[in-house]
Amino acid sequence: MGQSMGVATDHAHEDGHHHHKETFVTKYIFSQDHKMIAKQYLITGLIMGAIGIAMSVLMRIQLANPGEPNVIFEALLGKWAPDGIMDPNMYLALVTIHGTIMVFFVLTAGLSGTFSNFLIPLQIGARDMASGFLNMVSYWLFFISAAIMIGSLFVELGPAAAGWTIYPPLSALPEAMGGSGLGMTLWLVSMAIFIASSLLGSLNYIVTVINLRTKGMSMTRLPLTIWAFFVTAIIGVVSFPVLLSAALLLIMDRSFGTSFFLSDIYIKGEVLAHQGGSPVLFEHLFWFLGHPEVYIVLLPALGITSEIIATNSRKPIFGYRAMVASILAIAFLSTIVWGHHMFVSGMNPFLGSVFTFTTLLIAIPSAVKAFNYITTLWKGNLQMNPAMLFSIGLVSTFITGGLTGIILGDSTLDINVHDTYFVVAHFHLVMGISALYGLFAGVYHWFPKMFNRMMDKNLGYVHFWLTAIGAYGVFFPMHFIGMAGLPRRYYTNTNFPYFDDLADTNSLITYFAIATALAQLFFVYNFVKSIFYGKKAPANPWKSNTLEWTTGDKHIHGNWEGEIPTVYRWAYDYSKLNEEGDYVIPGQDYAPQHIPLQDGEEELNH
Amino acid sequence: MTAFLIIFIAALFAVSIWQISKIVKLGKAPEPDTELSEVANDKDNKRNGQMMLAFVVAMYIMMIACFIGYQDFFLPDAGSEHGAEYDNLLLLTTVVIMIVQVLTQGLLHYFSYKYHGKKGQRALFYADNDRLEFIWTAIPVVVLAGLILWGLFSWNDIMEADTDDNPIVVEVYAYQFGWKVRYSGEDNILGDANVRFIEGVNDLGIDPTDVDGKDDMVAQELHLPVNRPVLFKFRSQDVLHSAYMPHFRAQMNVVPGMVTQFKFTPTVTSEDYKSTEYMTEKVRKINEIRRQKSKELIDDGEVPLDPYEFEYYLLCNKICGESHYNMQIKIVVESDEDYQNWLDTQTTFEETLANAEN
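Residues numbered from 1 in each chain as written. Chains lettered and ligands numbered in written order. Predicted model: local features only at pLDDT ≥ 70, side-chain atom pairs only at ≥ 80, totals over all residues.

Draft legend 1. Seen up close, the overall build of chain A. Tallying secondary structure elements over chain A gives 16 helices and two strands in all. The C-alpha radius of gyration computed for chain A amounts to 25 Å, which stays within 12% of the reference 25 Å derived for 606 residues, consistent with globular compactness. Taken along its principal axes, the extent of the C-alpha atoms in chain A is 85 × 50 × 50 Å. Taking all 606 residues of chain A together, 65% fall into the buried category. Relative to all contacts within chain A whose residues are 6 or more apart in sequence, the contacts with residues 24 or more apart total 80%. (Helix = DSSP H or I, 4+ residues; strand = E, 2+ residues; numbered from the N terminus. Rg over C-alpha atoms; globule rule 2.2 N^0.38 Å. Buried ≥ 20, exposed ≤ 12 C-beta atoms within 10 Å, placed from the backbone. Contact = placed C-beta atoms within 7 Å.)

Draft legend 2. Region of interest: the overall build of chain B. Helix and strand counts for chain B come out as nine helices and ten strands. Against the globule reference of 21 Å for 358 residues, chain B gives a C-alpha radius of gyration of 29 Å, more extended than a compact globule. In terms of principal-axis extent, the alpha carbons of chain B reach across some 95 × 65 × 40 Å. In chain B, which comprises 358 residues, the share counted as buried stands at 37%. Restricting to contacts in chain B with at least 6 residues of sequence separation, those with at least 24 account for 66%.

Draft legend 3. Representation of the interface of chain B and chain A within the structure. On the chain A side, the residues contacting the 107 residues of chain B number 113 residues. Of all the secondary-structure elements, those providing two or more residues to the side of chain B that touches chain A are α1 (2-28), α2 (42-69), α3 (81-114), α4 (130-159), β6 (241-245), β7 (250-254) and α7 (277-299) of chain B. Per-class residue counts for the side of chain B that touches chain A are 61 nonpolar, 32 polar and 14 charged. (Nonpolar A, V, L, I, M, F, W, Y, C, P; charged D, E, K, R; others polar.)

Draft legend 4. Structural detail: the packing of helix α15 (residues 457-483) of chain A against α2(B). One way to put it is that α15(A) packs onto α2(B) with a least axis distance of 11 Å and a crossing angle of 10°. Classified by the angle their axes make, α15(A) and α2(B) are roughly parallel. Every residue of α2(B) that contacts α15(A) at K457(A), Y461(A), W465(A), A468(A), Y472(A), F476(A), P477(A) and F480(A) is listed here: D44(B), N48(B), M51(B), F55(B), M59(B), M62(B) and C66(B). (Axes fitted to C-alpha atoms, helices over the stretch in contact; angles between N-to-C directions. Parallel < 35°, antiparallel > 145°, perpendicular 65-115°, else oblique.)

Draft legend 5. Just the domain arrangement of chain B, in detail. Residue and element names in this part refer to chain B. Here chain B is partitioned into domain 1 (1-28 + 40-80 + 104-116) and domain 2 (168-272 + 307-357). Inter-centroid distance (C-alpha atoms) of domain 1 to domain 2 is 48 Å. Facing four residues of domain 1, the contacting portion of domain 2 comprises twelve residues. Partitioned by chemical class, the residues of the side of domain 1 that touches domain 2 number two nonpolar, two polar and no charged. (Domains from an automatic or database assignment.)

Draft legend 6. Expanded view of helix α8 (residues 224-255) of chain A. Residues and elements named next belong to chain A. Taking 1.5 Å of rise per residue, 32 residues should cover 46 Å, and α8 covers 45 Å from first to last C-alpha, within 8% of that figure. In the structure, α8 departs most strongly from a straight axis at V237, where the bend amounts to approximately 30° and where the proline P241 lies between one and four residues downstream. Following α8 by one or two positions, G257 adopts a phi angle in the positive range, close to 75°. (Expected span 1.5 Å × (residues − 1). Bend = angle between axes of the 7 residues up to and from the residue.)

Draft legend 7. Local environment of the packing of α15(A) against helix α16 (residues 503-533) of chain A. Residues and elements named next belong to chain A. Contact geometry of α15 with α16 gives a least axis separation of 8 Å together with a crossing angle of 155°. For the element pair α15 / α16, the angle class is roughly antiparallel. Here α15 and α16 pass one another in a crossing that is left-handed. Here the contact of α15 with α16 is built from residues that sort into 17 nonpolar, nine polar and no charged. (Left-handed = near helix turned anticlockwise from the far one by under 90°.)

Draft legend 8. Focus on the sheet that holds strand β9 (residues 312-316) of chain B. Residues and elements named next belong to chain B. Judged by pairing direction, the sheet is mixed, and its five strands sit side by side in the order β4-β10-β9-β6-β7 without closing on themselves. The open sheet terminates on both sides in strands that have one partner only, identified here as β4 (222-225) and β7. Averaged over all neighbouring strand pairs, the angle between strand axes comes to 20°, with direction disregarded. Examined bridge by bridge, β4 and strand β10 (residues 328-334) share four bridges and lie parallel to one another. Considered in β10, the bridge of P225 is made with E334. Where helix α8 (residues 336-344) meets the sheet, it contacts β4 and β10, and its direction lies at approximately 140° from that of β4. (Pairing = 2+ DSSP bridges.)

Draft legend 9. The arrangement of unusual backbone geometry in detail. Following P168(A), the chain continues into P169(A) via a peptide bond in cis, with omega recorded as 0°. Secondary-structure assignment places P169(A) in the loop between α6 (132-151) and α7 (182-211). Omega for the peptide link from Q176(B) to F177(B) comes to 0°, which places this bond in the cis form. Secondary-structure assignment places F177(B) in the loop between β1 (168-175) and β2 (178-183). With a phi close to 55°, R314(A) is a non-glycine residue in the positive phi region. Counting through the fold element by element, R314(A) comes out in the loop between α9 (279-313) and α10 (320-334). Of note, the phi angle at N559(A) is positive, near 70°, even though the residue is not glycine. Of note, N559(A) is situated in the segment after α16.

Draft legend 10. Geometry of the environment of P256(B). Relative to the helices and strands, P256(B) is located in the loop between β7 and β8 (260-264). A count of 28 C-beta atoms within 10 Å places P256(B) in the buried class. A sequence separation of 22 residues divides P256(B) from F234(B), and the C-alpha atoms of the two residues are 9.3 Å apart. With near-sequence residues (within four places) excluded, P256(B) lies in contact with P169(A), S263(A), D264(A), I265(A), P279(A), S236(B), Q237(B), D238(B) and V239(B).

Draft legend 11. Highlighting the environment of G470(A). Residue and element names in this part refer to chain A. Along the chain, G470 falls in helix α15. For the pair formed by G470 and F261, sequence separation is 209 residues and the distance between their alpha carbons is 41 Å. Filtering out sequence-adjacent residues up to four positions away, G470 remains in contact with F512, A515, T516 and A519.

Draft legend 12. Just the nonpolar core, in detail. Residue and element names in this part refer to chain A. Counting 284 residues, the largest nonpolar core has L170 and F230 as its most contacted members. Ranked by residue count, the leading element in this core is helix α5 (residues 88-124), at 22 residues. Leaving out residues up to four positions away in the same chain, F230 has contacts with Y205, I206 and V209. (Core = buried A, V, L, I, M, F, W, Y, C linked by C-beta atoms within 7 Å.)

Have a look at this one:
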């Protein structure tokens, strides 16, 4: 196999890093090792994901058989499903908590938390994060916020139910709906803690990438994964505090009688004292985070995909500089497009024009990325590992979902599809499914590094193909019921006979949703089984160039037993030829980053 | 058609499961148990490459099937003046999107098949091509610029809520969970209103001291004369709602504490809209479904469903609480004469107050 490993295995236990005695608690629970923290994020995220997906299945069952009793509801929802018929408030609660869990707890913390933590130190050649302690605090804050969010499901009047966007006044007034009582308080507390966790994590990632790169690892030699994580962290630091301020102001409106978002309200036979606030202000604050959040979710997935597609194509990623520029452009533009969620919010239509313009601008770097992925596949030697399949799947759903964004981002066209199932289909494909594919791709690819064992590839294939078919089966037809003007967040559509002919399609979508959810069990089984019984992983199973594969199989706090490797090249020297037309390292089609330039090899200027 | 689609998709699903089981078998069969046995080998590459090709073909078929099978899901021609413009822009954008979709998905999956890994196959070291990248940056720029420009011109036209053409001013009032309509009466000016005036019969909070409000009329249905511009003023008494009138391509959020607006001109009366070929066919289909369902209901000893007749509607499209899913009001577009006759039957705010006192 001509493995060029060199660095780690030859050296015995060298110093430069001292080993402290680890107890069970410091190793597995309050660990400060980024690798362990990453695994904690991953497993917490996957559990939250299972809950979130289960909720979506409950919603789908309700939509397929509106108002009909179901034993599953009776068993799972208890008093919220008297005689097995789901309560409308519970439907809205499911909508809300499903969205919250999937967006924040799975795709932000589960994806970025896992892979930023795991890969940043390993791929830039650092012993750990800049602050292992803050990193640990970040995870445990995340854990607490997750526990509070789950806990809120059990309060008497129900969990928050105003949609994951929690627009006031609905979210501010317990009179308006039961879920806006204690449930919403817990939601806000949970999110405030989550934001603190996210900020600690992000600051750590930024400092680590800037300061702790190993010798030779210039910014232009960083793998695209790191670029993506780095920029994601910056977006998080810029936008999450704004959500925190929105949450704080909302808490004040709810509990301390202020009127930031409330004005002129008559509810349950009484006029409220609130005067002068504006719900539209909340929408601005919320979406100032809410839109960048889409990219916080998506960029890490795209970074992971870049790495996996290059490795498995045995080709350099096409247009490295363009990819970096796209990431930066997307990051910048993502903070000035939030208004496209608010075209019909009542804000000044002129603002709508501005946001249409910026929104459609963001399609350009996105298109560049998609084309570059496709070109990377061209004339490659594609190794169809499960991670590669999920990466190709990501590009596919990213295109399908992204294209409909051109309709939604156009203020004129948004008028009639706003808040319909068309939107639901769009964002599930472009950010939900795509980011989940990124998560799965990352797990399949770095599982050997995380657990020193291989996942079963055949189960991986089954998982991918069932998910790929199911995801399109769910979300492609959904565009069409949206085009019919079917509003989202409706408990049932039976009050509008006009929608009667959509019922079959809704059932069809539900069947696909259930099948796809069940297909995830292949992953769960594979994941758990492989941790304990998987085949022992070779040092560099995918023959990858990045530094994480040079550590050897001992998991020590500090990553490399000996010296940290020095970097001599970028991460994408796959199938590179020397002047004689042979691979630069004879017999192997890749040249890892820590291998110095060979005779007769030119370094390309990237 | 839907039944056919379901069967078709189920068949595809079955085929894929069968294929997958084959992969699993093939993957397991002769291979020696080496260190790398969980890394894709040539057989996996080939098999999955073929699956990619099959997948994109199935995807094309699905897309075509959806566009054909679901064509009557698309909303019928708009019943408003700006709606035609909207529909044209939507059509153009959809065509552009679908062209890009078909091309890129085709390339993505075809390359995945064509270049699946083989032992000894050499990948091309191809890291950059400025010209290529320039081209595919420029193409989206040009296409999007076109779409943006058209979109922005339409947007400005649609959102321009001036009163030069003497529109009828109508207030649409939202509450948990229903709508009311306030007509501005002969003066065409809505009287001042605030939730703090809500009392007794004055459930929209019209200022009783404002003379402009005396001739206002509150109604439970939204009647509009055909071919006259209408300026809607939206007001909510409690939480956010959204007034969505899909057949007029009109939507605006209803925000407590402020008045939002939208202006459009209805161009097709309810009667004419009902009798279009599209709508008669759609209603026939819906009634077929309802008859089927009613049969089942009667068998279960329950009340059958009423047959359906199309009416324009306005529905709530912003999550607003428990009964969000049933917050609607009927819209009637009629001739100017019918509209005036209907309006004459409504009571003015002044009369309402007087009646309440008696």
